[in-house]
Amino acid sequence: MLKALRTAKGLTQQDIANYLGVTPEAVGNWERGTREPDLATLLKLAKYFDVAVHYLLTGTDDPNRRPPWPEEWEPAVLTLVSQGYSPEEVLEAVRLYRVLQKELPDLPHLTKPLDQ
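As the structure is a prediction and not an experimental result, all values here were calculated from the model.

A. Quick look at the overall build of the chain. Scanning the chain from terminus to terminus reveals seven helices and zero strands. In the chain, of all internal contacts separated by at least 6 residues, the share reaching a separation of at least 24 is 38%. A total of about 7500 Å² of accessible surface is found on the chain, and carbon and sulfur atoms cover 52% of it.

In structure tokens, the structure reads:
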């Protein structure tokens, strides 16, 4: 996804590297899938290209599609993904949490926002 976004804007790997403070080789490794950027870098890339991190992670066809969780959850979601959970597993956990909040509103630990 990174290469497609970069080339669509007419940018070079050096341009992206300069913005992020990394080497062009690092950007190339990310584009080839031989390495992955860290969580902070993913957030910077999403902001730079004005796309959801979800798009960078999953390659959904729509770069403007926002994930089904609040934007402020992105760091927590990225942490879970970096620990080996797939975006789909995280999404299922969010769905289950919301169902439990709705169906069992009297449980105090379910009335807190998910990010606490």
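There's plenty left to go through after this.
B. Up close: the nonpolar core. Formed by 18 residues in total, the largest nonpolar core has its most connected members in I16, W30, L45, F49 and L56. If you list the elements that add at least two residues to this core, you get α1 (2–8), α2 (13–20), α3 (24–32), α4 (39–49) and α5 (53–58). Counting residues per element, this core draws most heavily on α4, at four residues. Aside from chain neighbours lying at most four places away, what touches L45 is L2, I16, L20, W30, P37 and L56.

C. Inspection of the layout of surface pockets at higher detail. Size it by volume and the largest pocket reaches roughly 410 Å³. Looking at the largest pocket, it is lined by 18 residues, and the ones nearest its centre are E36, P37, L42, L56 and L57. Those elements that place two or more of their residues in the lining of the largest pocket are α1, α3, α4, α5 and α6 (74–82). Per-class residue counts for the lining of the largest pocket are eleven nonpolar, two polar and five charged.

D. Spotlight on the side chain of R6. Position of R6 relative to the elements: it lies in helix α1. In this structure R6 comes out as buried when scored by relative accessible area, which is 8%. Among the polar contacts made by the side chain of R6, one reaches the side chain of E31 at a distance of 2.5 Å. Residues contacting R6, with those up to four places away along its chain left out, are L11, T12, Q13, I16, E31 and F49.

Definitions and limits used
- Residues numbered from 1 in each chain as written.
- Predicted model: local features only at pLDDT ≥ 70, side-chain atom pairs only at ≥ 80, totals over all residues.
- Heavy atoms only, no water.
- Helix = DSSP H or I, 4+ residues; strand = E, 2+ residues; numbered from the N terminus.
- Contact = heavy atoms within 4.5 Å.
- Areas by Shrake-Rupley, 256 points an atom, 1.4 Å probe, with all protein chains shown as cover.
- Core = buried A, V, L, I, M, F, W, Y, C linked by side-chain atoms within 4.5 Å.
- Buried < 20%, exposed > 50% of the residue type's maximum accessible area, 1.4 Å probe, protein only.
- 1 Å grid on protein atoms, 1.4 Å probe; cavity = no way out; pocket = protein on both sides within 12 Å on 5 of 7 lines; lining within 4 Å.
- Points joined across faces, edges and corners; volume = space filled by probe spheres on them.
- Nonpolar A, V, L, I, M, F, W, Y, C, P; charged D, E, K, R; others polar.
- Polar contact = N/O pair within 3.5 Å; in protein donor to acceptor, adjacent residues only side chain to side chain.

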